[in-house]
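Next come the chains, spelled out residue by residue.
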Amino acid sequence: MSDTSMDFIESLCGEYRRNNHIDPEYYERWGVKRGLRNADGTGVLAGVTQIGNVLGYYVQDGERYPMDGQLIYQGIDVRELIDGFMTEGRFGFEETAYLLLLGRLPTREQLDQFRQMISDHQALPPMFTEDVILRVPSPDVMNKLSRSILSLYSYDPNPDDLSLSNQLRQSVELIARVPVIVAHAFAAKRHYYNDESLYLHRPQPGLGLAENFLYSVRHDNRYTQQEARLLDLCLVLHAEHGGGNNSAFSCRVLSSSGTDIYSAISASVGALKGPRHGGANKKVMEMFGYLKEGVNDWKDDDEIAAFLARILRREAGDGSGLIYGMGHAIYTLSDPRAVLLKRFARELAETKGMMDQFQLLESVERLTPQVLRSVRGEKKVVCANVDLYSGLVYQMMGIPMELYTPLFAAARVAGWCAHRIEEVTSPANRIIRPAYKAVAPLRPFVPLAQRV
Ligand SMILES: CC(=O)SCCNC(=O)CCNC(=O)[C@H](O)C(C)(C)COP(=O)(O)OP(=O)(O)OC[C@H]1O[C@@H](n2cnc3c(N)ncnc32)[C@H](O)[C@@H]1OP(=O)(O)O
Ligand SMILES: O=C([O-])CC(=O)C(=O)O
């Protein structure tokens, strides 16, 4: 845009601010449930689901009490699910996707068939990479992913059919293809924005989703079984989080209008990209970079706490005032995913000689609640969320930062598809349409010649 146009835009900002201020007092006056939260911080009840359940507190005599977090997929505690497939020496992501979509653990035969079906559908449609990914590359893999999912509509012979079988077919294709789109979008980003060589690997038949992902993003296709199993666990941990999280709810909002699956899932990707949602995993590592530079003695709690206080005062970090990876809408004492990821991070750090980094991040977890209390007067119990340790785990596995949030999407697409199908097939389905209190006073139209 030209300088003149930008000057005009700057002047329009003043115009906008003069005409569009909404008094924060209105929210109280009209009883607005900001962020769709009730006065006690619980979420406004917006639906019924059997796909996922997130427990972070209990209510007794109308009071909310903190508790250790629990994450349930279709009635099964995610920790039990993980223990189950690990004890039996299997990869777990495909099994988890089956559970989320179909509502029951698969039999051996069903699992074999489901895995085969995912493997058979990983290849992208002919010329898709050339026409959709390489022709208009993006510096941001999440942005490219969202646009690519929307483009899949054009390659689907039956995109608008809302029948169950068609949507299951579309869901399986999406779960299979998202990791491949991510790998190719990342290759394009490296090539066009970082001046690196372009390599595009085709998914290999017979490999599971986690293995294929590592195979595709590494230029030499090499990975260890230990890495693939750890990535598979991370995918399972990120696959679902109830109907109310921002990206699943976006999916449900769009789906309630009767729109196609590609529109709904691409919107979810857009929501997940946000730094207050899944985008926080990348932001944590950026913040960690500032912290490592800004703190001289990584063992000095006072120095670390002072730096965290500067982040909250917007004097350090990205200026948002947020300590990424900390806090959650539901969890209070602990996020079960963060507990597991922390364990993986510690184990990897020990083997890679990176305990100093692990301990610095652990100090962020330990010190943030007291810093939030002293700087903001925040009384809510705050714990580490899933995004605090995932980036460090990925970094120690040699996975580049640009892929952290896309990996989250590659896992969560299973949960989104399950919510999409539940929303569309539910007999109680109704278009989601909350209210906004309009506060602009009515005024007459002024003819152009009379305006000042
Ligand atoms: C996959 C996921 O989406 S997990 C979440 C990933 N996001 C992050 O890590 C970003 C940092 N954390 C946050 O922004 C928040 O804790 C969220 C978005 C996760 C939850 O938000 P909410 O449910 O609104 O949090 P909550 O009700 O506990 O917030 C209370 C207050 O504490 C503040 N707060 C909560 N966590 C943080 C934090 N990590 N850093 C700074 N302030 C925080 C909130 O901004 C809010 O302040 P306000 O009352 O002045 O608006
Ligand atoms: O539940 C939420 O609000 C956010 C979250 O942790 C997730 O979606 O994984």
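Scroll up to find the structure.
Residues numbered from 1 in each chain as written. Chains lettered and ligands numbered in written order. Predicted model: local features only at pLDDT ≥ 70, side-chain atom pairs only at ≥ 80, totals over all residues.

Here the focus is the site of ligand 1. Residues in close proximity to ligand 1 total 22 residues, the closest being H277, A280, M326, G327 and A329. Split into classes, the residues belonging to the shell around ligand 1 amount to 9 nonpolar, 9 polar and 4 charged. (Near = placed C-beta within 6 Å. Nonpolar A, V, L, I, M, F, W, Y, C, P; charged D, E, K, R; others polar.)

Right, let's talk about unusual backbone geometry for a bit. One non-glycine residue, D195, adopts positive backbone phi at about 60°. Within the chain, R314 stands out as a residue other than glycine whose phi angle is a positive 65°. Looking at the secondary structure, you find R314 in the loop between α14 (301-312) and α15 (336-352). (Helix = DSSP H or I, 4+ residues; strand = E, 2+ residues; numbered from the N terminus.)

Here we come to the packing of helix α8 (residues 164-194) against helix α9 (residues 209-217). Interaxial distance between α8 and α9 falls to 9 Å at its minimum, and their mutual angle equals 15°. Here α9 runs roughly parallel to α8, going by the angle between their axes. In the crossing of α8 with α9, the sense of the turn from one axis to the other is right-handed. In this structure, α8 contributes P179, V180, A183 and F186 to the contact, and α9 contributes L209, N212, F213, S216 and V217. Split by residue class, the contact of α8 with α9 holds 7 nonpolar, 2 polar and no charged. (Axes fitted to C-alpha atoms, helices over the stretch in contact; angles between N-to-C directions. Parallel < 35°, antiparallel > 145°, perpendicular 65-115°, else oblique. Left-handed = near helix turned anticlockwise from the far one by under 90°. Contact = placed C-beta atoms within 7 Å.)

Bringing the site of ligand 2 into the picture now. Close to ligand 2 lie V54, H241, N245, A329, N385 and V386, which account for all nearby residues. Classifying every residue of the shell around ligand 2 gives 3 nonpolar, 3 polar and no charged.

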